[in-house]
Amino acid sequence: MADQSEKQKMMKDNNQPATDEAQDLRAQTTSNEAAGMSRREVLKLTASAIVAAPLLPATTQATQRKAAAKAPAPRFFTRAEFALVDELTELIIPTDDHSPGARAAKVAEYIDRRLAESFEAEPKQMWRDGLKLIETISQEMHGRAFLQATPDERIALLTRISQNEREPKKPEEKFFVELKARTVNAYYTSKIGIHTEMEYKGNTYLKEFVGVDAT
């Protein structure tokens, strides 16, 4: 995840409804800290400061995969597509020492629901094609599926497709812009994004207004 100024920049594009309330997953933050890297220390993919997540320990990843297998079936994505989206969004906004990341905020679930409810065919096809492109490029670059790639290989792929984020031309570059925009919108309208990441407290009463010393 980016530093605070980058986060504020990302927030400007938020205009979608909030995601479901996410549970407090501070424990996940602790596990990432144990991996030895904070979200702000890891590799920046673009000048607009998407950064790569510190990959969780293998045991934690296995636990997450088991939990995903037991989760309700996605409404739009296949289970394989959903797992890929879940990983991609977590790489864009990973857990750090300040707040949980996209996975904890259920960003993939939100994207899945929004696409399932969409009456437009274009965004649905864009996601189908985009996810296939991710797998094609992963095979081309590393000879294996994205989720079987090493952490460095995953980051290398995302770095490649994010190079021309401001003026995307290739299909995979356009898909990256869509992926990032949906991820940021979903995250920063989630409970975690609003209350934990941005520390928004809502309207509060002042017990006393101390005024201003004009002397």
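Conventions adopted
Residues numbered from 1 in each chain as written. Predicted model: local features only at pLDDT ≥ 70, side-chain atom pairs only at ≥ 80, totals over all residues. Heavy atoms only, no water. Helix = DSSP H or I, 4+ residues; strand = E, 2+ residues; numbered from the N terminus. Buried < 20%, exposed > 50% of the residue type's maximum accessible area, 1.4 Å probe, protein only. Contact = heavy atoms within 4.5 Å. Expected span 1.5 Å × (residues − 1). Arc of directions from axis to C-beta.

Peer 1: Which residues make up the overall build of the protein chain, and what values go with them?
Peer 2: Within the protein chain, the regular secondary structure consists of nine helices and zero strands. Burial statistics for the protein chain: of 215 residues in total, 45% are counted as buried. In the protein chain, the proportion of contacts linking residues at least 24 apart, taken out of those at least 6 apart, comes to 72%.

Peer 1: Explain helix α6 (residues 121-142) to me, using residue names and the numbers behind them.
Peer 2: If you check α6, its first and last C-alpha atoms are 32 Å apart, about what 22 residues at 1.5 Å a residue would give, namely 32 Å. Listed as buried for α6 are P123, W127, G130, L131, I134, I137, S138 and H142. The arc enclosing the buried residues of α6, seen along the axis, measures out at 125°, which places them on a common side. Seen from the open side of α6, the exposed residues pointing more than 90 degrees away from its buried face are A121, E122, K132 and E140. Summarising the contacts, the buried residues of α6 are in contact with α4 (79-92), α5 (107-117), α7 (151-161) and α8 (171-187).

Peer 1: Just give me the short version of the environment of R75, but keep the residues and values in it.
Peer 2: Here R75 lies in the loop between α3 (58-70) and α4. You can call R75 exposed: its relative accessible area is 54%. Between the C-alpha atoms of R75 and L115, which are 40 residues apart in sequence, the distance is 8.4 Å. Once residues within four sequence positions are removed from consideration, R75 is found in contact with D112, R113, A116 and E117.

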